[in-house]
Amino acid sequence: MRISIAEAEGKLRELVNLVEQGEEVVLTNDGAPSVRLQPVIHSVGTQSETEAVAAELRKPLLLAAEGKPLSPAEKTKILREIREMAERRNLPSDTDAARSQDFLYDEHGLPK
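Anyway, here's the lowdown on the structure attached to this text. (Residues numbered from 1 in each chain as written. Predicted model: local features only at pLDDT ≥ 70, side-chain atom pairs only at ≥ 80, totals over all residues. Heavy atoms only, no water.)

1. As for the overall build of the chain
And then number 1: A count of helices and strands for the chain gives 4 helices and 3 strands.
And then number 2: Counted from the first residue to the last, the chain has its helices and strands arranged as β-α-α-β-β-α-α.
And then number 3: Taking all 112 residues of the chain together, the buried fraction comes to 11%.
And then number 4: Considering only contacts in the chain between residues 6 or more positions apart, those separated by 24 or more positions represent 39%. (Helix = DSSP H or I, 4+ residues; strand = E, 2+ residues; numbered from the N terminus. Buried < 20%, exposed > 50% of the residue type's maximum accessible area, 1.4 Å probe, protein only. Contact = heavy atoms within 4.5 Å.)

2. Some remarks on the nonpolar core
And then number 1: One finds Ile 3, Ala 8, Leu 15, Val 19, Val 25 and Leu 27 forming the largest nonpolar core, which totals 6 residues.
And then number 2: When residues of this core are traced back to their parent elements, those giving at least two are helix 2 (12-20) and strand 2 (25-29).
And then number 3: Ignoring sequence-local partners within four residues, the contact set of Ala 8 consists of Ile 3, Leu 15 and Leu 27. (Core = buried A, V, L, I, M, F, W, Y, C linked by side-chain atoms within 4.5 Å.)

3. Considering the environment of Met 85
And then number 1: Note on placement: Met 85 falls in helix 4 (residues 72-88).
And then number 2: Taking relative accessible area as the criterion, Met 85 reaches 8% and is therefore assigned buried.
And then number 3: For the pair Met 85 and Leu 57, spaced 28 residues apart in sequence, the C-alpha separation works out to 9.8 Å.
And then number 4: If we skip the residues at most four places from it in the chain, Met 85 touches Val 53, Glu 56 and Leu 57.

4. Focus: the sheet that holds strand 2
And then number 1: Within the open sheet, the 3 strands sit side by side as 1-2-3. Their pairing is mixed. Bordering the open sheet on either side are strand 1 (2-4) and strand 3 (32-37), each of which pairs with just one other strand. Taking each pair of neighbouring strands and ignoring which way they run, the sheet shows an average axis angle of 35 degrees.
And then number 2: Bridge count between strand 1 and strand 2: 3 bridges; the pairing is parallel. Following the sheet pairing, Ile 3 is matched in strand 2 by Leu 27. (Pairing = 2+ DSSP bridges. Axes fitted to C-alpha atoms, helices over the stretch in contact; angles between N-to-C directions.)

What follows is the structure in structure tokens.
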């Protein structure tokens, strides 16, 4: 859905509901796309939760800092644990650079 910024000012709640339901909402300025609304993917934890996750992620780094090189199996295990933590916390597993500039193109892949 495309809507002008001026028109969107009075419909913020409605637009937020549409975005939460999966609808793409693009705000336009003088007919040109300006901003895309999108939902926040991850849940934001408290400061103590964030510190606990950071401490958990630092453990393997501390082992490496002690001069103990990590084996390939240990590195794989650490990466798997990080991915599992991201899934449990509903964090994106990776960035989607391939789709990051889609707002520049129409549904046929042509520049807007």
